[in-house]
Amino acid sequence: QVELVESGGGLVQVGDSLRLSCAASGRTFSRYHMGWFRQAPGKEREFVAAIRWSGTNPYYADSVKGRFTISRDNVKTTVYLQMNSLKPEDTAVYYCAGGGPMFSVSATDWIDWGQGTQVTVSS
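Note that the structure is predicted; figures quoted are calculated from it, not measured. (Residues numbered from 1 in each chain as written. Predicted model: local features only at pLDDT ≥ 70, side-chain atom pairs only at ≥ 80, totals over all residues. Heavy atoms only, no water.)

Trainee: How would you explain the overall build of the protein chain if you had to name every residue and give the values?
Mentor: Scanning the protein chain for helices and strands turns up zero helices and 11 strands. Sequence-ordered secondary structure for the protein chain, helices as α and strands as β, is β-β-β-β-β-β-β-β-β-β-β. Against the compact-globule benchmark of 14 Å for 123 residues, the protein chain has a radius of gyration of 13 Å, which places it among compact chains. Expressed as a percentage of its 123 residues, the buried residues of the protein chain come to 43%. Put simply, of all contacts in the protein chain between residues at least 6 apart along the chain, 58% involve residues at least 24 apart. Only carbon and sulfur atoms are counted for the fraction: they give 48% of the accessible area of the protein chain, which is about 6,300 Å². The positive charge centre, built from 12 side chains, and the negative charge centre, built from 11, are 6 Å apart in the protein chain. (Helix = DSSP H or I, 4+ residues; strand = E, 2+ residues; numbered from the N terminus. Rg over C-alpha atoms; globule rule 2.2 N^0.38 Å. Buried < 20%, exposed > 50% of the residue type's maximum accessible area, 1.4 Å probe, protein only. Contact = heavy atoms within 4.5 Å. Areas by Shrake-Rupley, 256 points an atom, 1.4 Å probe, with all protein chains shown as cover. Lys, Arg positive; Asp, Glu negative; His and termini not counted. Charge placed at Lys NZ, Arg CZ, Asp CG, Glu CD.)

Right, here's the structure in full:
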């Protein structure tokens, strides 16, 4: 129903910032809850942040709370993840997800996925 394409990843140093973008196409985007997940080598895909279709009630994993901010622009059909004060532990492939039940932290509950963008934080 919704095609998602992430961009904005890269190689940065500890303390740097990145802004990830997820461009969406599809008629259902504006009523989709959207989220970000990440997966490090050898690890399970973990929840990072989510936002309601209305742009309200953002929700974050404890590990990123206070450093990351999720937002969306329903006119541009894009969801963002602003990442500040990056740490080596943030190194992972970041995936944009759509269509999940709000507040779900389980990847299996989400319907649409992007291909991912690599974020590497070096110390």
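After presenting the structure, the write-up continues.
Trainee: I'd like a description of the packing of aromatic side chains, backed by residues and values.
Mentor: A ring pair, where both rings are aromatic, is described by two values, the distance of the centres and the angle of the planes. Under the counting rule described, the total for this entry stands at six aromatic pairs. Measuring from centroid to centroid gives 6.5 Å for Tyr 95 and Trp 113, while their planes differ by 80 degrees, and the two rings are edge-to-face. Here the residue Tyr 95 occupies a position in strand 9 (residues 92–98), and Trp 113 occupies one in strand 10 (residues 112–113), the gap between them amounting to 18 residues. Here a set of aromatic residues connected by ring pairs shows up, and it is made of Phe 37, Phe 47, Tyr 59, Tyr 95, Phe 103, Trp 110 and Trp 113. (Phe/Tyr/Trp six-rings, centres within 6.5 Å; stacked < 30°, edge-to-face > 60°.)

Trainee: Outline the sheet that holds strand 1 (residues 3–7), supporting the account with residue identities and numerical values.
Mentor: Pairing is antiparallel in the open sheet, where four strands are placed in the order 1-3-8-7. Two strands bound the open sheet, and with one partner strand each, they are strand 1 and strand 7 (68–73). Averaged over all adjacent pairs, the angle separating strand axes in this sheet is 15 degrees, with direction ignored. (Pairing = 2+ DSSP bridges. Axes fitted to C-alpha atoms, helices over the stretch in contact; angles between N-to-C directions.)

Trainee: Could you give an account of the state of the cysteines, naming the residues involved and the relevant values?
Mentor: The tally for this structure, following the rule as stated, stands at one disulfide. Across the disulfide, Cys 22 is cross-linked to Cys 96 (sulfur-sulfur distance 2.1 Å). A torsion of -85 degrees about the S-S bond marks the disulfide between Cys 22 and Cys 96 as left-handed. Taken together, the positions of Cys 22 in strand 3 (residues 18–25) and Cys 96 in strand 9 put the pair 74 residues apart, joining distant regions of the chain. Using a relative accessible area of 0% as the deciding quantity, one classes Cys 96 as buried. (Disulfide = S-S within 2.5 Å.)

Trainee: So what's going on with the pairing of strand 5 (residues 46–51)? Residues and values would help.
Mentor: Of all six residues that make up strand 5, five are buried, and the element is covered over most of its length. Examined bridge by bridge, strand 4 (residues 34–39) and strand 5 share five bridges and lie antiparallel to one another. In the sheet register, Gly 35 faces strand 5, and the bridge partner there is Ala 50. Hairpin connection between strand 4 and strand 5: a loop of six residues separates the two successive antiparallel strands, and Gly 42 in this loop has a positive phi of roughly 75 degrees. With two bridges connecting them, strand 5 and strand 6 (residues 59–60) associate as antiparallel partners. Of the residues in strand 6, the one forming a bridge with Ala 50 is Tyr 59.

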